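Listed below, chain by chain, are the residues.
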Amino acid sequence: MTSVSEMESADDGSKQSFLKESIARELEEGRYVCCICIETIRSNDQPKSCRRCFQLTHLECLRAWAQRSTTGVWECPRCRATSNERPNSMEYRCFCGKVANPPPQSFGTPHSCDGVCSKLRELTECKHPCTASCHPGPCPPCPKTVELVCHCGKVHLHIGCSEPRSEKRSCGGRCDKLLRCRRHRCKEVCHEGPCSPCLLTYPQSCFCGKKQGVVRPCQAASYEGNPPVDEAVPSGSPKVFSCGEPCPLALACGNHACSLPCHAGSCPECHLLPVATVACACGKTPNEVLYRDSTRKERTDCTDPLDTCGKTCGKPCPCGVSTHNCKAPCHNGDCPPCPHPRTLPCKCGTKSVTIACADSEKDPGTLVPVWTAKPAEKADLDIFAGVGGKKNKHKAKAQAARITLPFTCTTRCTAQKDCFKHTCKNVCCPQYQQLHLCELRCSRMLSCGKHKCPEKCHAGECPPCLNSAFTELSCRCGVTYIEPPVPCGTEPPVCDRPCAIPRPCGHRDRHRCHFGPCPSCTAMSIPICPSHGRPMGNWDVPCGAQPPPGTATCDSPCYRNFDCGHVCMQPCHAGPCGPCCVCWGPSAGH
């Protein structure tokens, strides 16, 4: 089988021919190996080729490979190209696919039909059939040439039909296509796709003249008509963009200002001229019907008010609601504020009030009346649910006819927060009865025992402490240590060296290095009476279990001498002897 190194060493223009010839040579020599069973494909076997990588496998091996799929879509064992061909419909054909079960070849390539291939070259723009004999692997490059025009359209090129045309269509000259700014040309080498945007910038002015000398890209300029194609940057500051502000120019009538935003060209004619008006102010009644009344005088100037018909205006209200129309009689000028009712819900959505549509657009904190057809004292007080006490209910009833924007009710939220520890207690909460995010700090002690949790209040265990120390953490003797940084809460390292702390008893114990007090001494010995110097008992006692020095006593009399010359006859005791029993008599208490 052809190696990857052999393929990579081949020239780019001859890779297809190299792969075709190498597969054919290995089949003729009996060296081609099936990548599934790792067995040689012989001339009397039935192979099948992948249409993408041209890998040959035994037909039976490929059927067994495809039957492993549970979805009906299987992959090529080499290139992983997907296929939905059913295993039972696979059949043994020659390489060009024309002959089923081709007979064995005595001198040609095994498994070929010796006919003309006639396959179309896939993944290329070539439309000519292959003229080579039936062969394995990819078809050789098409020997024909085609005539193409380069990307910029200046030069006609002749290239091979199978060659990548997008890479060969550049003539190498300057593009010179007109850029989107319609003023400059592309200076790049003949290229594929759209040209890059114009990168030139120069001072520009808006059409109305309010903004002068603003440095903007040439591509953002809007020229009137066809601007001159020039490589140089325009001199001065031409008017080539709209600033979006109202046009400050007066109309030709001299009485009204232009209502359009900053625009190119001249301003339109005044829409209030008598020749431009064909109906009344609301537009429902034409002038022919209005002027049938001999008492009406025709308008002679744009300053004359428009004629009114007396019908309901019906124009859309300034609130912008599609169902709200002006209810005023036909009038001149702008329509009055919207008089329609509008339902205004509270933030939590549990309560709502009806107010005038025009009042809903007022600034926050404004007191607005509640829309109701009933007297104020009969207004619905459901929005004040939860108000307790006779005095508070009377106050709520007095305020039922007005609300403060934005409207909030008195419903208190009791939803549980995501920490599952706290509940919301806000009034008119926007997330009413929904899972809330707890904004409190956790502040529980972390596992390190030194720092508190900085996260927001949460359920479950706290995360590990992220603080670190940048000094060495060592054992007590300092021989074993951990290099910094040391995460907070890290236990001191375990040291295998013996403890270096000397014991008061003088014994040497073989316990390891540690923090804190040493354990009790385990050396075995018989306690000695400090007064008489004799052993106290007949068995060994651990040193740590013996009484402290100066407190042990035996069963013999004390026999220590008093200053008076007498001897203490008390049982062996710790501490100084009491008064002499001979000198003091029975009152000594012996």
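When helices and strands are tallied, the chain shows 7 helices and 19 strands. For the chain, the proportion of its 590 residues judged to be buried stands at 31%. Looking at the chain alone, contacts between residues at least 24 apart form 32% of all its contacts between residues at least 6 apart. Here the chain displays about 37,600 Å² of accessible surface, and carbon together with sulfur accounts for 52% of that area.

Further remarks concern the packing of aromatic side chains. Applying the stated criterion across every chain yields a total of 0 aromatic pairs. Here the guanidinium or amino end of R216 rests over the ring plane of F241, the centre of that ring lying 4.2 Å away.

The next thing to look at is the nonpolar core. Within the largest apolar cluster, 15 residues are counted, with the highest numbers of intra-cluster contacts made by I23, L27, Y32, I41 and L56. In terms of residue count, helix α2 (residues 15–29) provides more of this core than any other element does, 3 residues in total. Counting 14 residues, the second-largest nonpolar core is a separate cluster that includes C181, C186, C218 and A221.

Attention shifts here to the confidence of the model for the chain. For the chain, mean pLDDT is 81; residues scoring 70 or higher make up 88% of the total. Within the chain, strand β2 (residues 56–58) carries the highest mean pLDDT (93), whereas helix α1 (residues 4–9) carries the lowest (39). Taken as a whole, residues 1–13 scores under 50 in pLDDT and shows 17 contacts with residues more than four places along the chain or in a different chain. Low pLDDT, under 50, characterises residues 373–391; the stretch is placed with 21 contacts to residues that sit more than four places away or in other chains.

What the 3 strands build is an open sheet, ordered β8-β7-β9; its pairing is mixed. Sheet topology places β8 (214–217) and β9 (239–241) at the edges, where each strand pairs with a single neighbour. Strand-to-strand, the axes of this sheet are offset by a mean angle of 75°, without reference to chain direction. Pairing of strand β7 (residues 201–206) with β8, which is carried by 4 bridges, proceeds in the antiparallel orientation. From the neighbouring strand, Q204 faces β8, where its bridge partner is V214.

We now examine the pairing of β7. For β7 and β9, the ladder comprises 2 bridges, and the chain directions are parallel. Directly across from C206, in β9, lies its bridge partner F241.

Within a regular strand, the side chains alternate between the two sheet faces. Alternating positions in strand β5 (residues 145–149) separate cleanly, V146 and L148 being buried on one face and T145, E147 and V149 remaining unburied on the opposite face. With 5 bridges joining them, β5 and strand β6 (residues 156–160) adopt antiparallel strand pairing. Note that in β6 the partner of E147 across the bridge is H158. Connecting β5 to the next strand, β6, in antiparallel fashion are 6 residues, including G153 with a positive phi near 85°.

Rules used throughout
- Residues numbered from 1 in each chain as written.
- Predicted model: local features only at pLDDT ≥ 70, side-chain atom pairs only at ≥ 80, totals over all residues.
- Heavy atoms only, no water.
- Helix = DSSP H or I, 4+ residues; strand = E, 2+ residues; numbered from the N terminus.
- Buried < 20%, exposed > 50% of the residue type's maximum accessible area, 1.4 Å probe, protein only.
- Contact = heavy atoms within 4.5 Å.
- Areas by Shrake-Rupley, 256 points an atom, 1.4 Å probe, with all protein chains shown as cover.
- Phe/Tyr/Trp six-rings, centres within 6.5 Å; stacked < 30°, edge-to-face > 60°.
- Lys NZ or Arg CZ within 6 Å of the ring centre and 35° of its normal.
- Core = buried A, V, L, I, M, F, W, Y, C linked by side-chain atoms within 4.5 Å.
- pLDDT = per-residue confidence, 0-100.
- Pairing = 2+ DSSP bridges.
- Axes fitted to C-alpha atoms, helices over the stretch in contact; angles between N-to-C directions.

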